[in-house]
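Next come the chains, spelled out residue by residue.
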Amino acid sequence: GAVVSQHPSWVICKSGTSVKIECRSLDFQATTMFWYRQFPKQSLMLMATSNEGSKATYEQGVEKDKFLINHASLTLSTLTVTSAHPEDSSFYICSAMGQERTQYFGPGTRLLVL
Amino acid sequence: QKEVEQNSGPLSVPEGAIASLNCTYSDRGSQSFFWYRQYSGKSPELIMFIYSNGDKEDGRFTAQLNKASQYVSLLIRDSQPSDSATYLCAVNEAGSARQLTFGSGTQLTVLP
């Protein structure tokens, strides 16, 4: 149980394009999902908290207009990186909160912006 | 600033030995404590969580929590080369109903 999927697993795009990443909880419902970013050799950085049916809560320094989050159902949250630039290249990881406040992570999405 | 601190390592242990990973946290009201393992290039996977003072065992893993000392540790018995990874300590702090604060991780290498 407690499986979280992400799609796509990796994406390469040109600068200026938008990229959409999906995060799904496969066998449980998650009212709360989280989006993280991780640069090489660094720890996880929380970007935003995604709440089903309401607006996401963004961490300080994260542009909400650049990183659009939609949590349309109890099993799906999406992160859209709008007008991506090379500095947005990173490893994006989502997690879904299950029982007892445990976070289960998706496999991550590697984004490379050329 | 609420913090979760771990020695970054690298920590090297021989195969079959006990690996001891330590974590301290600053928020005395913290309630839940988690250990995640992250292999290079992969996302974190949950190893175990602990809420109460004392030890919690799961297979070769034992989590130890001491709230008075604001200290949580992870022991890995009979370490295997496949245990080589970065281990992340995460804390659910008081007043933060859902978010976790992560340490920077300890890199463990188990030498065959």
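Scroll up a little and you will see the structure.
The notes below deal with the structure included here. (Residues numbered from 1 in each chain as written. Chains lettered and ligands numbered in written order. Predicted model: local features only at pLDDT ≥ 70, side-chain atom pairs only at ≥ 80, totals over all residues. Heavy atoms only, no water.)

Applying the stated criterion across every chain, the model contains two disulfides over all chains. Two residues share a disulfide in this structure: C23(A) and C94(A), whose sulfurs sit 2.0 Å from each other. Its S-S torsion of approximately 80° makes the covalent link between C23(A) and C94(A) right-handed. Residue C23(A) is located in strand β3 (residues 19–25), and its partner C94(A) is located in strand β9 (residues 90–97); the two are separated by 71 residues in the primary sequence. With respect to class, C23(A) is no different from C94(A); both count as buried. Note on cysteine connectivity: C23(B) is disulfide-linked to C89(B), with sulfurs 2.1 Å apart. Given an S-S torsion of about -70°, the disulfide between C23(B) and C89(B) has left-handed geometry. Taken as a pair, C23(B) in strand β3 (residues 19–25) and C89(B) in strand β9 (residues 85–92) lie far apart in primary sequence, 66 residues in all. Note on C89(B): relative accessible area 0%, which makes it buried. For C13(A), which is in no disulfide, the shortest distance to another cysteine sulfur is to C94(A) and amounts to 18 Å. Taking relative accessible area as the criterion, C13(A) reaches 10% and is therefore assigned buried. (Disulfide = S-S within 2.5 Å. Helix = DSSP H or I, 4+ residues; strand = E, 2+ residues; numbered from the N terminus. Buried < 20%, exposed > 50% of the residue type's maximum accessible area, 1.4 Å probe, protein only.)

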